[in-house]
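# Descriptive structure summary
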Amino acid sequence: MSRGSGSRSRSSIFSGYRALALYCNHVPHVVRFHQRHREFYLVTAVGASFHTYNVKRLGIVAVSNALPEDITCLAADRMLVFAAHGNSVKAFARNKEIVHTYKGHNAEVHLLLPFGDHMISVDRDNILIIWDVQSEEEYLQLNFDKIVFAVSALLHPSTYINKILLGSQQGSLQLWNIKSNKLLFTFQGWGSGVSVLQQAPAVDVVAVGLTSGQIIIHNLKYDEMLMKFQQDWGPITAISFRTDGYPVMAAGSPVGHVGLWDLEEKKLIGQMRETHTTAVSGLTFVHGEQLLITTGEDNAIRVWIFDAPGGGGRLLRCRTGHSAPPTKIKYHGSDGQNILSSGRDGTLQSFSTIHERFNKSLGLGSINKKKSKKKGLKYDTMKLPPITTFASETARQSYWDGIVACHQGYLISTTWNYQKTSMGAHKLEPKRFHKDRTLDIYATAVDITSCGNFAVVGLSSGHVDVYNLQSGIHRGQYGEEKTHEGQIRGVAVDGLNQLTITAGGDKLIKFWKFKSKELVYTTTLDASPASILLHRESGMLAVAVDDFRIAVLDSETRKIVRRFSGHQNQINDMAFSPDGRWLITASMDCTIRTWDLPSGCLIDCFLLDSAAVSITMSSTGDFLASAHVDDLGIYLWSNNTLYNIISLRPLPADYQPSVIMLPGMCQQQELETSDKEEEVEGQMIEYDSSEQLGEQLVTLSLLPESRWKNLLNLDVIKKRNKPKEPPKVPKSVPFFIPTVPGLVPHFAAAEQQTAEGQSKVVNLGILAQKTELYMQLEGALNTSNYDHAVKLLKRMGPSNIDIELRGLAPEGGGSLDVMQSFLQMISYMLGTKRDFELAQAYLALYLKVHHSFSTSLQSLTLLTISSSSNLSSVVQLHLKVIAVEPVLLEEMCKVSVLLEETWMHMQALFNQSMCLLGYMKSALL
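These notes cover the structure that comes with them. (Residues numbered from 1 in each chain as written. Predicted model: local features only at pLDDT ≥ 70, side-chain atom pairs only at ≥ 80, totals over all residues. Heavy atoms only, no water.)

Scanning the chain from terminus to terminus reveals eleven helices and 58 strands. For the chain, the proportion of contacts with a sequence separation of at least 24, taken over those separated by at least 6, is 46%. Counting every atom, the chain has about 45100 Å² of accessible surface; 52% of that belongs to carbon and sulfur. (Helix = DSSP H or I, 4+ residues; strand = E, 2+ residues; numbered from the N terminus. Contact = heavy atoms within 4.5 Å. Areas by Shrake-Rupley, 256 points an atom, 1.4 Å probe, with all protein chains shown as cover.)

Below, the structure is given as structure tokens:
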């Protein structure tokens, strides 16, 4: 298949693996109880798929197959999970596979309710459809006028058979019988739109959450309001009741607070403030347990336990990601298992690629942590701006801080401690700006030395400073006044702390001595550099330039060794492969390109829907991680070259990649199709080596040495392995099956067992049965084709070969013709020059077996096939034994001539190679 423009739809090197740091969104969650497992499960929507967690440990159990669009609402019954996207609804079995599809809506579905064997859905056009779950057919359709009754909530009251309760944006409620298609009753409402309907533990009682912040506990049977509560945090977003014996109701709000109400005393008993940084989208008390599950738009799942005397809840376990898109990601450590990520929400977090229980949150940056904790997250005026870039090192992270971060528009660089999962002890600030802090100067670039002792920070003013990480003390600057005239675009320190490289907006790349701060060399670029990246092991420095090109410099020679062009927009980030052969770049043109440094060619490119703002590759080379514009997730791409044979041919200049979806965001059908295309196109065709590369060459069989090297020493091996005691015969054998004596055992027939008068003397003629090898050699006398006989011998073990060769002699049941045929097979193998070591081994065993043992022949036991001794001399030793048979004598002469010619040819090749090797070692080239 051609690799021209549009010839493939996927990347040859990278394939989507999975998404990290995504837990939930604004869609309310669902809690299910598994009867067989006796365990509760939590289902949350994440983009176009949903995740299933066990409540006990908050461990992820399953990730569903992705839908074409984002999920708008979720619901679940005993067997299935229902997810709506656009104007369709899908039913999932086993939390993963789509088993039913319900199509009939013309607008987006926003409400779902399982109802026995039926499922109810409501769309934005105010059309309610009741579906038969198994047949996927419409059972009933109800149309409501948006002006009079716009459906906003849906509930099936307990014990109300065939009845549903509908809430509206106008505030009224309607009770319908869906079997008879009749409106049973209309509740007038309370002057505000209904946002939530929730069944109370008592029969006939429901809780109605209003957009005004009121919560009404209403009796449906008597149309009587039992209680009324008021929350001051805006509309009610979720309601749940405790069912473990405590009359407590919890209500969520758009600002992230949760109110706790005592239903007996009819008063507020507690407030769980800042449960989430955004609106509480879902809130559920686990049935019969003192656990409360909350989810929010801030991408966080939290489980609270109510075991305190005051009735309040404390955080038991959580899964949190970024509530705003990440700005910078980087692998931390040499094991390639943890990714550090900074987000626009101001947090620095660590996500594990192994299991979510290893995730860490280093928290928010703050000028004064103590004062920030007192004020709380909502009113923290000392919160630092989001982190724009950071550097990390593990060499000294057990002793002091190992992470240094630059904040957006902020002069001071902060340190962070990975072990303590918190902000560090120091704030790195140059003293030159103490007098006038009103200047618009901020930190732009940072790097940490490989030893973990020093941090190099570049500023927008053109200064580059060095700090000691243990003490936080300023240790000098590069340049007398300024390092560069423009702002610093990047800093890097080599692996041995010998060289510091700085890039500035003045189009200069400068090389400095790290310790003495002396300028060593200056390189001028055609345009200002946007960022730099140093691969410390190889010394290669990648420079992304403002004209969308990339230059690669050798830090030893200070010369530009490669130039790459092809991106159509700003280059956001770069990453080297661990071996330094690939440079991977991400750009605002939504492409991720892989450049091969040795060949200087583009070898891979793929296009995404959203641009990658940051990329990083693991130190083990197995995954590439990417973070994207307006996306909360971190996406892992698997390196296919570690598992498959991939042909990495240069891409043409006019190559136009096709758009591929992010991991976990594409349909299963598309994945299967693209996998087949990639298998045909991307993988290299395996080379099938011929049996003989050239007629003048000698080819070995490549069989294990144990199959042929010890053929001559087989008797010694058997003697050594002989058991010390003979096997003990059992006293009584309860059952046995008689067999026919012979080389190839057969079970005796029934009539033979009962035959009378049968002689008990063994017929020795039966022992002379023809084996498969015997018949192959006998048949090859006429055809001269010994391929089948050679293949048969190659499949045999040493003991089997020894038995076969002993059976060739007339006294062993063989014949002279077969012995002659075996010698002709050896001549055939020597003539074709294939399986050379097997021919030597078989011939040596043949000569050892078919002669009278004498002292002169004991030298054969010292023969090793791996040696280069000439077997023709060995043949001459045994001619006097085989000379009694003229036919065998003639064949042995032919074999002797072939052996001598072959060994002389090999000796000439050996001498030529040794001479050439000696010349190469001694000559002055």
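Before going further, it helps to spend a moment on the side chain of Glu891. Here Glu891 shows up in helix 11 (residues 886-922). In contact with Glu891, not counting residues within four places along its chain, are Gln820, Leu823 and Gln824.

What follows deals with the packing of aromatic side chains. A full pass over the atoms with the stated rule returns 20 aromatic pairs. Seen in terms of ring centroids, Tyr399 and Trp400 are 6.2 Å apart; in terms of plane orientation they differ by 50 degrees. Their pairing is tilted. For Trp400, a relative accessible area of 14% puts it in the buried group. A ring pair is formed by Tyr786 and Tyr828, whose centres lie 6.1 Å apart and whose planes are at 45 degrees; its orientation type is tilted. Highlighted residues: Tyr786 in the loop between helix 5 (772-783) and helix 6 (787-795) and Tyr828 in helix 8 (residues 816-832), separated in sequence by 42 residues. On the basis of relative accessibility, which here comes to 3%, the residue Tyr786 falls in the buried class. A relative accessible area of 24% places Tyr828 in the partly exposed class. An aromatic cluster of three or more residues is present, and its members are Phe14, Phe606 and Trp637. Over the ring of Tyr478 we find Lys517; its NZ or CZ atom is 5.7 Å from the centre of that ring. (Phe/Tyr/Trp six-rings, centres within 6.5 Å; stacked < 30°, edge-to-face > 60°. Buried < 20%, exposed > 50% of the residue type's maximum accessible area, 1.4 Å probe, protein only. Lys NZ or Arg CZ within 6 Å of the ring centre and 35° of its normal.)

Okay, the pattern of salt bridges next. A complete count under the given rule lists 22 salt bridges for this structure. Ionic pairing is found between Arg242 and Asp244, a salt bridge with its closest N-O pair at 2.6 Å. Three or more residues are tied together by salt bridges with common partners; here these are Glu393, Asp447 and Arg536. (Salt bridge = Lys/Arg side-chain N within 4 Å of Asp/Glu carboxyl O.)

It is worth spelling out the sheet that holds strand 55 (residues 623-628) at this point. The four strands are arranged 1-56-55-54 in an open sheet whose pairing can be described as antiparallel. Unpaired on one side and paired on the other, strand 1 (14-20) and strand 54 (612-617) mark the two borders of the sheet. Sheet twist, expressed as the mean angle between neighbouring strand axes with direction ignored, is 25 degrees. Sheet topology note: the strand 55/strand 56 (residues 634-639) ladder contains five bridges and is antiparallel. Bridging across to strand 56, Leu624 finds its partner in Trp637. (Pairing = 2+ DSSP bridges. Axes fitted to C-alpha atoms, helices over the stretch in contact; angles between N-to-C directions.)

This part takes up helix 11. Between its first and last C-alpha atoms helix 11 spans 54 Å; for 37 residues at 1.5 Å apiece the expected length is 54 Å, and the two agree. Within helix 11, the full set of buried residues consists of Leu888, Glu891, Met892, Val895, Ser896, Leu899, Thr902, Trp903 and Met906. (Expected span 1.5 Å × (residues − 1).)

Time to look at the pairing of strand 6 (residues 73-76). As defined by bridge partners, strand 6 adjoins strand 7 (residues 80-85) across four bridges and the pair is classed as antiparallel. Across the sheet, residue Leu74 finds its bridge partner in strand 7, namely Ala83.

Okay, the nonpolar core next. The nonpolar side chains of a soluble globular protein tend to be buried, and buried together. In this structure, Leu777, Phe822, Met825 and Ile826 are the most contacted members of the largest nonpolar core, which totals 40 residues. When contributions to this core are tallied by element, the ones reaching two or more residues are helix 5, helix 6, helix 7 (798-806), helix 8, helix 9 (836-849) and helix 11. With ten residues, the top contributor of residues to this core is helix 9. Not counting chain neighbours up to four residues away, the residues in contact with Leu777 comprise Tyr786, Ala789, Leu808, Val818, Ser821, Phe822 and Met825. Counting residues in each nonpolar core, the second largest holds 24 residues, with Tyr23, Tyr53, Val286 and Leu291 among its members. (Core = buried A, V, L, I, M, F, W, Y, C linked by side-chain atoms within 4.5 Å.)

Here we take up empty space enclosed by the protein. Counted according to the given criterion, the structure contains four cavities of 30 Å³ or more. Class assignment of the residues belonging to the lining of the largest cavity gives a composition of four nonpolar, no polar and four charged. (1 Å grid on protein atoms, 1.4 Å probe; cavity = no way out; pocket = protein on both sides within 12 Å on 5 of 7 lines; lining within 4 Å. Points joined across faces, edges and corners; volume = space filled by probe spheres on them. Nonpolar A, V, L, I, M, F, W, Y, C, P; charged D, E, K, R; others polar.)

Before going further, it helps to spend a moment on the packing of helix 9 against helix 11. Packing of helix 9 against helix 11 leaves a shortest axis separation of 13 Å and a crossing angle of 140 degrees. Seen along the crossing, helix 9 lies across helix 11 with a hand that is left-handed. Of the residues in helix 11, those in contact with Phe836, Gln840, Leu843, Tyr846 and Leu847 of helix 9 are Leu888, Met892, Val895, Leu899, Thr902, Trp903 and Met906. By residue class, the composition of the contact of helix 9 with helix 11 is ten nonpolar, two polar and no charged. (Left-handed = near helix turned anticlockwise from the far one by under 90°.)

The bulk of non-glycine residues show a negative phi, and the bulk of peptide bonds are trans. Phi angles above zero are rare outside glycine, and Glu136 is one such case at about 65 degrees. Tracing the backbone through its elements, the reader meets Glu136 in the loop between strand 12 (127-132) and strand 13 (138-143). Even without a glycine there, the phi angle at Phe548 is positive, about 70 degrees. Relative to the helices and strands, Phe548 is located in the loop between strand 47 (540-545) and strand 48 (550-554). Look at Phe548 and you get partly exposed, because its relative accessible area is 30%.

This next bit is on the pairing of strand 22 (residues 238-241). Across the two faces of strand 22 the burial is the same, with Ala238 and Ser240 and Ile239 and Phe241 all buried. For strand 22 and strand 23 (residues 248-252), the ladder comprises four bridges, and the chain directions are antiparallel. Among the inter-strand pairings, Ile239 is bridged to a residue of strand 23, identified as Ala251. Following strand 22, the chain reverses through six residues before pairing antiparallel with strand 23; Gly245 in that reversal takes a positive phi of roughly 105 degrees.

With that settled, the discussion passes to the side chain of Asp204. Structurally, the position occupied by Asp204 is in the loop between strand 18 (194-199) and strand 19 (205-210). Of the buried charged residues, Asp204 lacks a salt bridge, with Lys221 as the closest side chain of opposite charge at 4.7 Å. Not counting residues up to four positions away in its chain, the partners in contact with Asp204 are Tyr160, Gln199, His218, Asn219, Leu220 and Lys221. (Lys, Arg positive; Asp, Glu negative; His and termini not counted.)

Moving on, we get to the environment of Asp546. Relative to the elements of secondary structure, Asp546 occurs in the loop between strand 47 and strand 48. Considering only alpha carbons, one finds Asp546 and Asn569, 23 residues apart in sequence, at a separation of 9.0 Å. Excluding anything up to four places from it in sequence, Asp546 contacts Arg489, Ser528, Pro529 and Ala530.

Right, let's get into the sheet that holds strand 3 (residues 39-46). Strand pairing in a sheet relies on backbone hydrogen bonds. The paired strands run either parallel or antiparallel. With respect to topology, four strands assemble into an open sheet ordered 2-3-4-5, the strand pairing being antiparallel. The outermost strands of the open sheet, each flanked by one partner alone, are strand 2 (30-34) and strand 5 (59-63). Neighbour-to-neighbour, the strand axes of this sheet turn through a mean angle of 30 degrees, independent of strand direction. Of the pairings in the sheet, the one linking strand 4 (residues 49-54) to strand 5 comprises four bridges and is antiparallel in character. Opposite Asn54, over in strand 5, you have Gly59 as the bridge partner.

On the surface, a cluster of nonpolar side chains totalling about 340 Å² of accessible area is made up of Leu916, Tyr919 and Met920. Here Met920 lies in helix 11. Owing to a relative accessible area of 47%, Met920 belongs among the partly exposed residues under this scheme. (Patch = residues over 30% accessible without salt bridge, like charges linked within 9 Å, V, L, I, M, F, W, Y side chains within 5 Å.)

Before going further, it helps to examine helix 7. Where helix 7 is concerned, the buried positions are Pro798, Ile801, Asp802, Glu804 and Leu805. End-on view of helix 7: buried residues confined to an arc of 165 degrees, all on one side of the axis. As for helix 7, its buried residues are in contact with helix 3 (714-720), helix 5, helix 6, helix 8 and helix 9. (Arc of directions from axis to C-beta.)

Remark: helix 8 packs on helix 9, axes separated minimally by 9 Å, with the N-to-C direction vectors making an angle of 155 degrees. The angle between the axes of helix 8 and helix 9 places the two elements in the roughly antiparallel class. The chirality of how helix 8 crosses helix 9 is left-handed. Residues Met819, Phe822, Leu823, Ile826, Met829 and Leu830 of helix 8 touch helix 9, and the partners they reach there are Phe836, Leu838, Ala839, Gln840, Tyr842, Leu843 and Tyr846. Partitioning the contact of helix 8 with helix 9 into residue classes produces twelve nonpolar, one polar and no charged. (Parallel < 35°, antiparallel > 145°, perpendicular 65-115°, else oblique.)

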